[in-house]
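A closer look at the structure
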Amino acid sequence: MASSPGSNASLSSQKIVLSESSQAKKSQYSEEETFYMNCRAAYLAVFKSSLENIKSKEQLCLVLQQAGRNPSQKVIHKYWTPQTTALNFDDFCNILKKEKPATETELLKAFLKVDVNNDGYILHTELHKILTTRGEKMTVEEVNAITKLADVNSNGKLYYNKFCKLYTTTNEQCRKTALDKLEDNSRLRRQQFGSHVETSSQSAASSISKPSSRTTRKIDHKTAPKRGDNRTSRPSSAQNCKASISSSIIMGTINNTNSELIEPNTLKDWQCAQSKGCFFLEEDGEIITHKYRLYLPQRSTVYITIKPLNLSQLEGKTSLWLSTDTALYVLKENESQENLQLMGFTEVRNKEMFKWKGELGSGIYWLIPFTTGCRLKKIKNQITGEAKLVYRDEDGELALTKEFKATLSDIFEIIDLDGNGLVSLEEYNFFELRTSGEKCDEEAWAVCKENFDTKKNELTRQGFMDLHLMEANDREGDTSDLWLTLLSLGYNKALEMTEACPFVIDIYAEKCKPKIKAIYLEAGSRQLNKAICKSVVNKGDAKVLDNGESIIVYTYKSDTRITSVIENKSENKVVIHVNNEQSKNCVNNRGLNIFAVEVAPKSMMICQHVMPLNEQEEWIYNCVHSLFP
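Structural notes, computed from the coordinates. (Residues numbered from 1 in each chain as written. Predicted model: local features only at pLDDT ≥ 70, side-chain atom pairs only at ≥ 80, totals over all residues. Heavy atoms only, no water.)

A separate point is the overall build of the protein. Helix and strand content of the protein: 17 helices and 28 strands. Buried residues in the protein amount to 52% of all 629 residues. Across the protein, the fraction of contacts at a sequence separation of at least 24, relative to all contacts at a separation of at least 6, is 71%. Carbon and sulfur atoms provide 46% of the accessible area of the protein, an area that totals close to 30600 Å². (Helix = DSSP H or I, 4+ residues; strand = E, 2+ residues; numbered from the N terminus. Buried < 20%, exposed > 50% of the residue type's maximum accessible area, 1.4 Å probe, protein only. Contact = heavy atoms within 4.5 Å. Areas by Shrake-Rupley, 256 points an atom, 1.4 Å probe, with all protein chains shown as cover.)

Pairing between sheet strands relies on hydrogen bonds along the backbone, with the strands arranged either parallel or antiparallel. Read from one edge of the open sheet, three strands run E1-E3-E2, paired in antiparallel fashion. Edge positions in the sheet fall to strand E1 (122–123) and strand E2 (153–154), since each of these pairs with one other strand and no more. Strand direction decides the pairing type here: E1 and strand E3 (residues 157–158), joined by two bridges, are antiparallel. The residue of E3 that forms the bridge with Ile-122 is Leu-158. (Pairing = 2+ DSSP bridges.)

Let us now look at the packing of aromatic side chains. In this structure the tally under the stated criterion is 17 aromatic pairs. Aromatic side chains Phe-345 and Tyr-556 sit 6.1 Å apart centroid to centroid with 70° between the ring planes, which places their arrangement in the edge-to-face category. Here Phe-345 is found in strand E11 (residues 340–345), whereas its partner Tyr-556 is found in strand E22 (residues 551–557), with 211 residues between them in sequence. Like Tyr-556, Phe-345 is buried. Consider the rings of Trp-366 and Tyr-520, whose centres lie 5.8 Å apart with planes at 10°: the pair is stacked. You can see Trp-366 sitting in strand E14 (residues 363–370) and its partner Tyr-520 sitting in strand E20 (residues 515–523), a full 154 residues away along the chain. Of the aromatic side chains, those joined through ring pairs into one cluster are Phe-412, Tyr-428, Phe-431, Trp-445 and Phe-464. Here Lys-332 stacks its cationic end above the ring of Tyr-365, 5.4 Å away from the centre of that ring. (Phe/Tyr/Trp six-rings, centres within 6.5 Å; stacked < 30°, edge-to-face > 60°. Lys NZ or Arg CZ within 6 Å of the ring centre and 35° of its normal.)

Next up on the list: the pattern of salt bridges. Overall, the coordinates contain 15 salt bridges when judged by the stated rule. Of the charged contacts in the structure, one is a salt bridge between Glu-347 and Lys-539, with a shortest N-O distance of 3.0 Å. With a gap of 192 residues between them, Glu-347 in the loop between E11 and strand E12 (348–350) and Lys-539 in helix H17 (residues 526–539) connect regions that are remote in the sequence. For the salt bridge of Glu-615 with Arg-349, the shortest nitrogen-to-oxygen distance reads 3.2 Å. Taken as a pair, Glu-615 in the loop between strand E27 (603–612) and strand E28 (619–628) and Arg-349 in strand E12 lie far apart in primary sequence, 266 residues in all. Put simply, Lys-276, Glu-413 and Arg-461 are held in one network by salt bridges that share partners. (Salt bridge = Lys/Arg side-chain N within 4 Å of Asp/Glu carboxyl O.)

On the surface, a cluster of negative charge is contributed by Asp-393, Glu-394, Asp-395 and Glu-397. Take Glu-394: it is sitting in the loop between strand E15 (390–392) and strand E16 (398–400). Take Glu-394: its relative accessible area is 85%, and that puts it in the exposed class. (Patch = residues over 30% accessible without salt bridge, like charges linked within 9 Å, V, L, I, M, F, W, Y side chains within 5 Å. Lys, Arg positive; Asp, Glu negative; His and termini not counted. Charge placed at Lys NZ, Arg CZ, Asp CG, Glu CD.)

Turning next to unusual backbone geometry. Here the phi dihedral of Glu-476 falls at roughly 55°; this positive angle occurs in a residue that is not glycine. Mapped onto the elements of the fold, Glu-476 is located in the loop between helix H15 (461–474) and helix H16 (480–488). Even without a glycine there, the phi angle at Leu-495 is positive, about 60°. Within the secondary structure, Leu-495 is located in the loop between H16 and strand E19 (500–509).

In this section: the nonpolar core. If you look at the biggest cluster of nonpolar residues, it comprises 67 residues, and the most contacted ones within it are Leu-367, Leu-389, Ile-411, Tyr-428, Phe-464, Leu-486 and Ile-505. Ranked by residue count, the leading element in this core is E19, at seven residues. Once you skip the residues sitting within four places of it in the chain, Leu-367 turns out to touch Lys-291, Tyr-292, Leu-294, Leu-328, Tyr-329, Val-330, Ile-507 and Ile-516. Membership of the second largest hydrophobic core comes to 24 residues, among which are Val-574, Leu-592, Tyr-621 and Leu-627. (Core = buried A, V, L, I, M, F, W, Y, C linked by side-chain atoms within 4.5 Å.)

Next up on the list: the state of the cysteines. With the rule as written, the count across this model stands at zero disulfides. The closest cysteine sulfur to the non-disulfide-bonded Cys-586 is located on Cys-374, 9.4 Å from its own sulfur. (Disulfide = S-S within 2.5 Å.)

Along the chain, the position of Lys-276 falls in strand E7 (residues 271–281). Within the local environment of Lys-276, its side chain forms a polar contact with the backbone oxygen of Glu-413, the two atoms lying 2.7 Å apart. (Polar contact = N/O pair within 3.5 Å; in protein donor to acceptor, adjacent residues only side chain to side chain.)

Structural data, given as structure tokens:
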């Protein structure tokens, strides 16, 4: 892969933790790193640091333009809502992943749909009408800006071939200018990539107690680490950096049948509440999931489990998502949703189930599902061919194929959150939000009930299938919209669910009837990040990275995963380089063996999650954290 100027710079700054093999260095560079280098280049063309926030719509528009985008007002308003006060670098990266730059071919296709005579131009009057009334409507000012471009307009006409070339050339030039500026500025170049996965600058306000008794810097380097031990040393390769530590943990094979948490003998007598949900993988790698509110009318011992939902599969097809790790964080709501207290999380495993038992007082709790992203990630293998969704029977009528019916039945099972065999309007709206981004109102639901099989004002499985058959009939057999629905739910063209993981949550309470309700379908929140950080600090080992004891790396290990958190107590931001090259049989959520994170002052962030690639083999976590000036 050819290196960009920015990538050469980042490679140079990593010499301290990389192997001396130049071939190994080249192999570490990926498309993801290139993407984040371009993100950083655009961001630092507008701001002095990636820790600065975007504070206005105008700044958002400007920084997107530096990244080669040309956002309309609708796009700006999509990400800068009336409730938005600031966006950080992480938000910016996520926006760029979702808002892809339009290609010249895509633009030409759009213009050719309007220019049916293939004249090569569009009249300004027609252009104004189309762009201000159809699709993603533009403002009059935005259209005027296009028609005033001298190089592509003449005599009241827009010559769209020239416009498309100018559009893409200008966008690419903006991106290249920002990248060149980053290359010319060695100080910016050394900053590497920001904390683009797990943290936000808002987390700086998080106050979590740190057990200093576990903080140590005196380690016996001669003793080899035993299985499960976490040892720290200063590697010789770190001689030029400000500070460096190496943590090694040898983990054995995972025994899926062992469980430290014994199921209560009287569990069958406890009252139970259940809800299903799903992790959905976005194009940018972000994970969307349901979030729940739990109500306990009185104090009680509770027993909570979460596990992947095992759906009925056609013969010969496997449930790929069953190996996905799941967890559930229990947070107590105090004065508001912004002030949540971590009560516990499901860390004990029995086969694919994770469990937690504890005493909870009466009140409202939030249950936030979590998966590391080590197992649930984008699949690179492309499917050749496409499963058939509909066919015409002997009478020429459209019908659903056996395979598509089975898939729709599984989807119905997932969206039937309460498991009563029916789908309510509330449950259906989670499905609609995921697949179309819009909710079904009461009036539309009434029409749905008139035309499809319902029971107790809820949609039946057959009604759900008939609804999709009607959609195919409305399109005269065109299944493109049906495929959009399937792809948004994590299915590939072979009708395999590869980018989603349905799960089921069971809440048992000894002394009262628990009530659980799905409230949101959204990406991981700041509250979840704070809860993960707190759990790692409370249960993990603490290692001091610098002489001033202001940079601490916390490492938490369970039988199934290792999570590291970095705390920066100092008044300045710090850049930490992370090297996993010596780890064996491991996979992490970032998808990179070598990366760098930027930690804001007085803050804490998740560095990475690591899991075994093959659970039936020993796995070794060996990670070097290096602090750079």
